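# Chain and residue survey
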Amino acid sequence: MKLLDKTTNPAFTSYFFNDDRPASKKMTVTGIFIKSMLSICIMFIISIGIWKLYSEGNDIKWYSMGGMLATIIISIIISVRQHWAHILVPLYAIAKGFFLGATTAYVHARFPEFPYQAIGITMTTFLVVLLLYQTRIIVVTKKLRSVIITAVTSIFVIYIISWILGFFGIKVFIWGTSWPAIIFNVIAVVFASLSLLLDFDYIERHKNKSPKYKEWLATWGLLVTLVWLYVEVLRLMRKLAIRF
C-alpha cells in the first residue's frame, strides 16, 4: 500500500475506497455531512439516556463495557462487509452512545461542566482544522502523513499494551495524573486533531469518485476520529483537575 493512501483511520484505507466498479451515484461531501450529523445525533440521544439512568442511581458499568465491545465487533464486521455499512454505522453510533454516555456520566458526576466543555473543544478543533485544511494553511504532504501515521500508531500500541498489562494488575503510567501521563495525553490530543487532516484529505481525493454507499464508511471514519479526540480531551481535563 502506498503511503499516499494510508491514514490513521481504518475507514480511510485503500481497502475501503479502491472500487473500480461503475456506479451511477458517487460519494459526496454533502452526503457525508448529513450522515455524520445523523450519527452524532444518535450518539447524543443515547448518551443523554445513559446519563439519566446514572442520575437515577442505576449501575451503568455494563453499558460502558458493552458499548465498547459492540463498537469493536461492529468495526470488524464493517471491515469485511462494506455494503452493510448503511445498517452497521447507525448501530455503531448507538453502541458508541452507550460507551460515551457511561464514560462521561462518571466524569460529569465529579466535574459537571467537563463533558460540555470537552464537546465544545472537540467541535471547535474540528472546525479549526477544517479551516486550516481548506485554506491550505496546512498542506497534507507525504512527510506530514508519515509523521502522523507513525505517532498515532505508536499511541495505539501503547494503549493496547497498557490495557493488556492491566489484566495482570500492572498499572501503566499513562492512566495516572503524573506529568508523564499528562504529557502523553497532550500528545494524544494533538495527534487526534492532526489525524482529521488526513481524513479531510482522503475524502477530498475520493469525492465524486467512489460509490455512494461509501459515504457511510467515510462517516464511520470521521466518527472514530471525533470520538477519540473527545475522549482524549475529557481525559486530559480530568487529569489536570485532579492534579491541580
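Since this is a predicted model, take the numbers as computed values, not measurements. All chains use their own residue numbering, which begins from 1 and follows the written sequence. It should be noted that, the model being predicted, local features are given only for residues of pLDDT at least 70 and side-chain atom pairs only at 80 or more, the latter also being counted only at that level, while totals for whole chains, interfaces and linings use all residues. Excluding hydrogens and water, the side-chain values take into account all heavy atoms of the structure.

Moving on, we come to the nonpolar core. One finds Ile78, Val89, Leu100, Leu196 and Phe200 to be the most contacted residues of the largest nonpolar core, which totals 55 residues. Starting at the N terminus, helices and strands are each numbered in turn, a helix being any DSSP run of H or I of at least four residues and a strand any DSSP run of E of at least two. Sorting elements by how many residues they give to this core places helix H8 (residues 215–243) first, with 15 residues. The set of buried Ala, Val, Leu, Ile, Met, Phe, Trp, Tyr and Cys residues whose side-chain atoms join them within 4.5 Å is what this entry labels a nonpolar core. The buried label applies to any residue whose accessible area, calculated with a 1.4 Å probe on protein chains only, is under 20% of its type's maximum; exposed applies above 50%, and partly exposed to all values in between. With five residues, the next largest nonpolar core counts Ile50, Ile60, Ala102 and Ala105 among its residues.

Along the chain, threonine 30 falls in helix H2 (residues 29–55). Residue threonine 30 is classed as exposed on the basis of its relative accessible area of 52%. Each C-alpha atom, one on threonine 30 and one on glutamate 215, is 9.4 Å from the other, the two residues being 185 residues apart in sequence.

In this scheme, a helix's expected span is set at 1.5 Å multiplied by one less than its residue total. Here helix H7 (residues 179–206) spans 41 Å end to end across 28 residues, near enough to the 40 Å set by a 1.5 Å rise per residue. Asparagine 208 sits one or two positions beyond H7 and adopts a positive phi of about 60°.

Here we come to helix H3 (residues 61–80). Taking 1.5 Å of rise per residue, the 20 residues of H3 would be expected to cover 28 Å, and the 30 Å separating its terminal C-alpha atoms lies within 8% of that figure. Along H3, the residues classified as buried are Ser64, Gly67, Thr71, Ile74, Ser75 and Ile78. Looking straight down H3, one finds its buried side chains confined to an arc of 105°; they lie on one side. Those residues of H3 that are exposed and aimed more than 90 degrees away from the buried face are Trp62, Leu69 and Ile76. In this description, one arc is meant: the one made by directions from the helix axis to the C-beta atoms.

UniProt records the feature "transmembrane region" (unreviewed entry) for residues 32–54, 60–80, 87–108, 114–135, 147–170, 182–203 and 215–231 in the present numbering. The distance from the first to the last C-alpha atom of residues 87–108 is 31 Å, and the span holds 100% helix and 0% strand. Each end of residues 182–203 is marked by a C-alpha atom, and these two atoms are 32 Å apart; helix forms 100% of the span and strand 0%. UniProt positions are given in the numbering used here, feature names are shortened, and annotations may be inferred rather than shown by experiment.

The next thing to look at is the pattern of salt bridges. It is possible for side chains of opposite charge to pair when their charged atoms get near one another. The term salt bridge refers to a side-chain nitrogen of Lys or Arg lying within 4 Å of a carboxyl oxygen of Asp or Glu. Scanning the model with the defined rule gives seven salt bridges in all. Ionic pairing is found between arginine 136 and glutamate 204, a salt bridge with its closest N-O pair at 3.1 Å. Here arginine 136, found in the loop between helix H5 (114–134) and helix H6 (142–166), pairs with glutamate 204, found in helix H7; they are 68 residues apart in sequence, far enough to count as distant. What makes arginine 136 partly exposed here is its relative accessible area of 39%. The salt bridge involving glutamate 215 is made with lysine 212; its shortest N-O contact spans 2.9 Å. For glutamate 215, a relative accessible area of 0% gives the class buried.

Looking now at a nonpolar patch on the surface. Like charges within 9 Å and nonpolar side chains (Val, Leu, Ile, Met, Phe, Trp, Tyr) within 5 Å are joined into patches, using only residues over 30% in relative accessible area that form no salt bridge. Throughout, the Shrake-Rupley method with a 1.4 Å probe supplies accessible areas, and for residues the shown protein chains are the sole cover considered. A surface patch of nonpolar side chains, amounting to about 970 Å² of accessible area, comprises Phe156, Val157, Ile160, Ile161, Trp163, Ile164, Phe167, Phe168 and Ile170. With respect to the helices, strands and loops of the structure, phenylalanine 156 is situated in helix H6. Judged by its relative accessible area of 53%, phenylalanine 156 falls in the exposed class.

Mean pLDDT over the chain: 87, with 90% of residues reaching 70 or higher. Per-residue confidence from the predictor is reported as pLDDT, which spans 0 to 100. Within the chain, the element-level pLDDT minimum falls on helix H1 (residues 14–17), averaging 47, and the maximum on H5, averaging 94. Contact between two residues is taken to exist if any of their heavy atoms lie within 4.5 Å; hydrogens are not considered. Here residues 1–8 is a poorly scored stretch, pLDDT under 50, and it has 25 contacts once near neighbours within four places are set aside; other chains count.

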